[in-house]
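Given next are the chains, with one letter for each unit.
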Amino acid sequence: MPARVCVLGPSGRMGRAVLEAALGRDDVRIAAAVDRPEAGGLGAEVTGGVCASADLDAGLLACDVYIDFTAPAATGAVAVAAARHRRAAVIGTTGLGPAEEAAVEQLARVAPIVVAANFSLGVNLVLGLVQKAARALGPAWDAEVVETHHRAKRDAPSGTALMIARAIAAGHGVDYERVKRHTRDGDVGPRPHGEIGVSSVRGGDVIGEHTAYFFGAAERLEISHRATSRAIFAIGALRAAAWVAGQPPGRYDMLDVLGLE
Ligand code: NAD
């Protein structure tokens, strides 16, 4: 049986990509589409017989799993409602604050959920590669992450850049919070040993680019990923939805879905 999916934010960039990627798949079926009350297009059909609605409870009751690419406040509020209905979730919204993270953790106690700042196969491979590189090279090779996204992106650094930076810190065997440096401005002095820098570039319609740099003496390693279509995230999220619907309660990531370690 295909997993019945409720798509949040069908009017958004990622919501539209999920609806399009679901066409023709037999492991998922779009059962509902829920947007915020002020969103355009409420009442209009978004895919085979499914209309956009602002009725969150009805959308959750109609599905086995919901897919959330919205905004942090929405993600927190929906997780609270989903916990009441014990609905599985695929959550891709980035920039969550502590209250929203807590709501997501609460949901994971009663339902299976996949949370990922990036649903692409390539980026999830990059996480493993940078951790390996950081372990092999050590902090003597200065590690920096640079991310570029479209001008409408609200949060910085990107959730993916943070995952990559954390994977480098794990490779160095250090706590990321102690070594992080998000952008530089003014007289910041020489680069401290072991610092991990993250810089954000915003402009145009760039879907998402990430490069991890490792600067050695007279040589440099770069591990890059470039997304050229939102379809890669949408396909990953749908794959996660089909997978998570059959799992016991708990919080999973894309490495679990893809069977990667
Ligand atoms: P967007 O602004 O184009 O779309 C957001 C959508 O959410 C809109 O349709 C809006 O109406 C809807 N929404 C807001 N509040 C809602 C609520 N309470 N209930 C239902 N719908 C609600 O944004 P986007 O570019 O699609 O990105 C959305 C999020 O996904 C961002 O946090 C972005 O960083 C993240 N993202 C994650 C990945 C990934 O792979 N994890 C990939 C791309 C984007």
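That block above? That's the structure.
Going along each chain's sequence as written, the residues are numbered from 1 onward. Per-residue local features are limited, in this predicted model, to residues with pLDDT of at least 70; the limit for side-chain atom pairs, both in listing and counting, is 80 or more; totals at the level of whole chains, interfaces and linings are taken over all residues. In computing side-chain values, all of the structure's heavy atoms are included and hydrogens and water are not.

Asks: Account for helix α6 (residues 159–172), with residues named and values stated.
Replies: Under the scheme used here, helices are H or I runs from DSSP no shorter than 4 residues and strands are E runs no shorter than 2 residues, and both carry numbers assigned from the N terminus. Expected helix span is given by 1.5 Å per residue-to-residue step, counting one fewer step than there are residues. For α6, built from 14 residues, the straight-helix expectation of 20 Å at 1.5 Å per residue is met to within 8% by its first-to-last C-alpha distance of 20 Å. When accessible area is computed with a 1.4 Å probe and restricted to protein chains, residues below 20% of their type maximum are described as buried, those above 50% as exposed, and intermediate ones as partly exposed. The element α6 is extensively covered by neighbouring structure, given that 11 of its 14 residues are classed as buried. Within α6, burial applies to Gly-159, Thr-160, Ala-161, Leu-162, Ile-164, Ala-165, Ala-167, Ile-168, Ala-169, Gly-171 and His-172. The contact definition used throughout considers only heavy atoms, calling two residues in contact when any of these lie within 4.5 Å. Lining the buried residues of α6 we find α5 (121–137), β8 (142–149), α7 (176–179), β9 (180–182), β10 (196–202) and β11 (208–215). Where α6 ends, the next residue or the one after it, Gly-173, has phi of about 75 degrees, a positive value.

Asks: Would you mind going over the pairing of strand β1 (residues 3–8) in detail, with residue names and values included?
Replies: Judged by how many residues are buried, β1 sits mostly within the fold: 5 of 6 residues are covered. At this point the chain moves from β1, through helix α1 (residues 13–22), to the parallel strand β2 (residues 28–34), and the crossover so formed is right-handed. Handedness of a crossover is defined as follows: orient the strands so they point away from the viewer, and if the path from the first strand over the helix to the second runs clockwise, the crossover is right-handed.

Asks: Describe the pairing of strand β5 (residues 65–68), and please don't skip the residues or the numbers.
Replies: Both faces of β5 are covered, namely the face carrying Val-65 and Ile-67 and the face carrying Tyr-66 and Asp-68. Across 3 bridges, β1 lies against β5 in parallel orientation. In the strand pairing of β5, Cys-6 is matched with Tyr-66. If DSSP finds at least two bridges between two strands, the strands pair. Here β5 runs beside strand β6 (residues 88–91); their pairing, made up of 4 bridges, is parallel. The residue of β6 that forms the bridge with Tyr-66 is Ala-89. Crossover handedness for the path β5 to helix α3 (residues 72–85) to β6: right-handed.

Asks: Quick rundown of the packing of α1 against helix α8 (residues 231–244)? Include the residues and the values.
Replies: Axis separation between α1 and α8 bottoms out at 8 Å; the angle between their running directions is 65 degrees. Regarding the angle of α1 to α8, the classification is roughly perpendicular. You can see that α1 and α8 cross each other, and the crossing is right-handed. Residue-level contacts link Met-14, Ala-17, Val-18, Ala-21 and Ala-22 of α1 to Phe-233, Ala-234, Ile-235 and Leu-238 of α8. Partitioned by chemical class, the residues of the contact of α1 with α8 number 9 nonpolar, no polar and no charged. A fitted line through C-alpha atoms serves as each axis, taken over the contacting stretch for helices, and the angle formed by two N-to-C directions is quoted from 0 to 180°. Orientation categories follow fixed angle ranges, with anything under 35 degrees roughly parallel, anything over 145 roughly antiparallel, 65 to 115 roughly perpendicular, and all other angles oblique. It is the rotation of the near helix from the far one that decides the hand of a crossing: anticlockwise by less than a right angle makes it left-handed, clockwise makes it right-handed. Gly is placed with the polar residues, together with every amino acid not listed as nonpolar (Ala, Val, Leu, Ile, Met, Phe, Trp, Tyr, Cys and Pro) or charged (Asp, Glu, Lys and Arg).

Asks: So what's going on with the sheet that holds strand β7 (residues 112–115)? Residues and values would help.
Replies: Judged by pairing direction, the sheet is mixed, and its 8 strands sit side by side in the order β3-β4-β2-β1-β5-β6-β7-β13 without closing on themselves. This sheet does not close on itself; its edge strands, each paired only once, are β3 (45–47) and β13 (250–252). Between one strand axis and the next, the sheet turns through 30 degrees on average, direction left out of account. Both β7 and β13 contribute to a ladder of 3 bridges, which runs parallel.

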